[in-house]
Amino acid sequence: MNNLKGKHIVLGICGGIAAYKSVSLLRLLVKAGAEVQVVITPAGKEFITPVTLSALSQKPVVSEFFTANTGQWNSHVDLGLWADCMVIAPATASTIGKMAHGIADNMLVTTYLSAKSQVFVAPAMDLDMMAHPSTTANLELLRNYGNIIIEPESGELASGLVGKGRMEEPEKIFEVLDRFFSSKRDLEGKKVLITAGPTHEKIDPVRFIGNHSSGKMGYALAEECAARGAEVTIVSGPVSVKAANPAIRVVPVESAREMLAACEEVFPHVDIAIMCAAVADYAPRDVYDHKIKREHIDAPVIHLVKNPDIAATLGKSKREGQLLIGFALETDNEFGNAEEKLARKNLDMIVLNSMRDKGACFGTDTNKVSIIRADGTTLDFGLKSKREVAADIIDAVLSL
Ligand code: C5P
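Being a predicted model, the structure only gives us computed values, none of them experimental.

**Student:** I would appreciate a short explanation of the sheet that holds strand β1 (residues 8–13) in the present structure.
**Tutor:** Working definition: the strands of a sheet are paired by backbone hydrogen bonds and lie parallel or antiparallel to each other. Spatial strand order, β2-β1-β3-β4-β5: five strands in an open sheet with parallel pairing. Edge positions in the open sheet fall to β2 (35–40) and β5 (148–149), since each of these has one partner strand only. The sheet contact formed by β1 and β2 spans six bridges and is parallel. Bridge assignment links V10 to a residue of β2, and that residue is Q37. Against the sheet, helix α1 (residues 19–31) makes contact with β1, β2 and β3 (85–91), and its axis sits at roughly 170° relative to β1, the strand it touches most.

**Student:** Which parts of the structure should I look at to understand the packing of helix α4 (residues 93–101) against helix α5 (residues 107–114)?
**Tutor:** Between two packed helices, both the angle of their axes relative to each other and the distance between the axes serve to describe the pair. Two elements in contact, α4 and α5, have axes whose closest approach is 10 Å; the angle formed by their N-to-C orientations is 40°. Relative to α5, the element α4 lies oblique. The crossing of α4 and α5 is right-handed. Facing T95, K98 and M99 of α4, the residues of α5 in contact are L108, V109 and Y112. When its residues are assigned to classes, the contact of α4 with α5 shows four nonpolar, one polar and one charged.

**Student:** Is there a simple way to explain the nonpolar core in this structure?
**Tutor:** Core analysis: the biggest nonpolar cluster contains 66 residues, and L221 and I393 have the highest contact counts within it. Every residue in contact with I393, bar those within four places of it in the chain, is listed here: M217, L221, F327, M349, V351 and I371. In terms of nonpolar packing, the next biggest core, distinct from the first, is built from 24 residues, V253, M259, C263 and I372 among them.

**Student:** Hey, could you run me through the side chain of H200 in this one?
**Tutor:** Counting through the fold element by element, H200 comes out in the loop between β8 (191–196) and β9 (201–204). With near-sequence residues (within four places) excluded, H200 lies in contact with F208, I209, G210, P238, E254 and S255.

**Student:** What's the story with the site of the ligand in this structure? I'm lost.
**Tutor:** Close contacts around the ligand come from M275, A277, V279, P308, D309, I310, A311, G326, F327, K341 and K345, and that covers them all. One of the backbone nitrogen or oxygen atoms of M275 is found 2.7 Å away from an oxygen atom of the ligand. The separation between a nitrogen atom of the ligand and a polar main-chain atom of I310 is 2.9 Å. Isolated, the ligand exposes 450 Å² of accessible area, and the fraction of that covered by the protein chains is 87%. Breaking the shell around the ligand down by element, the ones donating at least two residues are α11 (310–317) and β16 (323–330).

**Student:** Just to check I follow, could you spell out the environment of N211 for this structure?
**Tutor:** Checked against the element boundaries, N211 lands in the loop between β10 (207–209) and α9 (216–227). In this structure, the C-alpha to C-alpha distance between N211 and H200, residues eleven residues apart in sequence, is 8.0 Å. With sequence-adjacent residues up to four places away left out, N211 is seen in contact with P198, T199 and A278. In terms of polar contacts, N211 uses its side chain to reach the backbone amide nitrogen of S213, at 3.0 Å. For N211, the side chain forms a polar contact with the main-chain oxygen of A278, separated by 2.9 Å.

**Student:** How should the pattern of salt bridges be read in this particular structure?
**Tutor:** Side chains bearing opposite charge may pair, as long as their charged atoms lie close to each other. In total, this model carries 23 salt bridges according to the counting rule given. R249 serves as the salt-bridge partner of E140, at 2.9 Å between the closest nitrogen and oxygen. On the criterion of sequence distance, the pair formed by E140 in helix α7 (residues 133–144) and R249 in strand β12 (residues 248–252) is long-range, its members being 109 residues apart. Owing to a relative accessible area of 25%, E140 belongs among the partly exposed residues under this scheme. The exposure class assigned to R249 is partly exposed, which follows from its relative accessible area of 32%. One continuous salt-bridge network, built from bridges that share partners, spans E140, R143, E151, K164 and R249.

Analysis parameters
- Residues numbered from 1 in each chain as written.
- Predicted model: local features only at pLDDT ≥ 70, side-chain atom pairs only at ≥ 80, totals over all residues.
- Heavy atoms only, no water.
- Pairing = 2+ DSSP bridges.
- Helix = DSSP H or I, 4+ residues; strand = E, 2+ residues; numbered from the N terminus.
- Contact = heavy atoms within 4.5 Å.
- Axes fitted to C-alpha atoms, helices over the stretch in contact; angles between N-to-C directions.
- Parallel < 35°, antiparallel > 145°, perpendicular 65-115°, else oblique.
- Left-handed = near helix turned anticlockwise from the far one by under 90°.
- Nonpolar A, V, L, I, M, F, W, Y, C, P; charged D, E, K, R; others polar.
- Core = buried A, V, L, I, M, F, W, Y, C linked by side-chain atoms within 4.5 Å.
- Buried < 20%, exposed > 50% of the residue type's maximum accessible area, 1.4 Å probe, protein only.
- Near = heavy atom within 4 Å.
- Polar contact = N/O pair within 3.5 Å; in protein donor to acceptor, adjacent residues only side chain to side chain.
- Areas by Shrake-Rupley, 256 points an atom, 1.4 Å probe, with all protein chains shown as cover.
- Salt bridge = Lys/Arg side-chain N within 4 Å of Asp/Glu carboxyl O.

Everything listed here is a matter of coordinates, which is why it stays silent on function.
Right, dumping it as structure tokens:
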């Protein structure tokens, strides 16, 4: 695995304890054959010396607008154009705030504002600073500007407190960058919405109606789309799988109604929506506000009411140029049922799973699908890993 050879990387370092970890990141990048230009904030230099960084990167470290003794101007514009990507690690609350609001009072922020390539931001700060609404809002702005946030981990912090705010480990940041350069980038600039997992329909405060969906197919699709350059939002029912790529935003929901509300917010802004969730068709009409006790009720009756059809609802508001993809899980008359759903929900393509195929379906790491396009053409695939199936599905989407 080495996709970083010869790549131009601007490594931005801010003033936080985690700056010591940037040295390891720099070493990993240099060892992989990348050319790294370090840009450090004035506060960063209090934590790590430019001498160490320039020795490892074999380039003078940039920090000031002018080199003091020669008066030479350091061009942030040139650096921004030179970079194949920029990674800011650690990114402090202060720099994140400046980046979000264009406060260009140091070389790092001016370089960021001039950067034409993908920017990765690895925050590191104390848990309370991390949790502050102002930090959250600034990170949200950065995400909206297309930057990829490499989420900090939870763990022991320099303050001695334990919580979220520890910069992601250098090896992990390195992997994110390597992955960025490895994939085909045919979804660059596209926004994708994916629904994944089951829904839980509340019966009482401790019980629900659910199903066996693991979310693995939806998350594999999200990883594939993100690796190919898309900005991905997963609206996810309760699952234990986690998104690995930091470019994936997860909106957690429980019920079908919550899933619909989240999707309706995101759908108008996306180019592609893939409905992979196993949405419960029915929900209890009344939710008990206390736990149902067998001592009190002998034979409780749960009245079910129909849930909204998310795919069909989005299908009604689909605009020119948007693609809506659905899934069909069938036990019999597979193609007939899938074609009916494709038409009824106004889909552009439907991915068919048959319960009759071994290794395809709930909980497994493999799947076997057929794809039916709105023009009636079909594609059949063999049993593959869910990630490979995801790649086939995305290739088919792009063929539309
Ligand atoms: O009608 P059926 O449930 O078989 O359709 C499956 C497709 O519709 C899947 O893409 C699923 O995610 C979507 N769906 C939905 N909302 C529902 C039921 C299904 O979005 N309430």
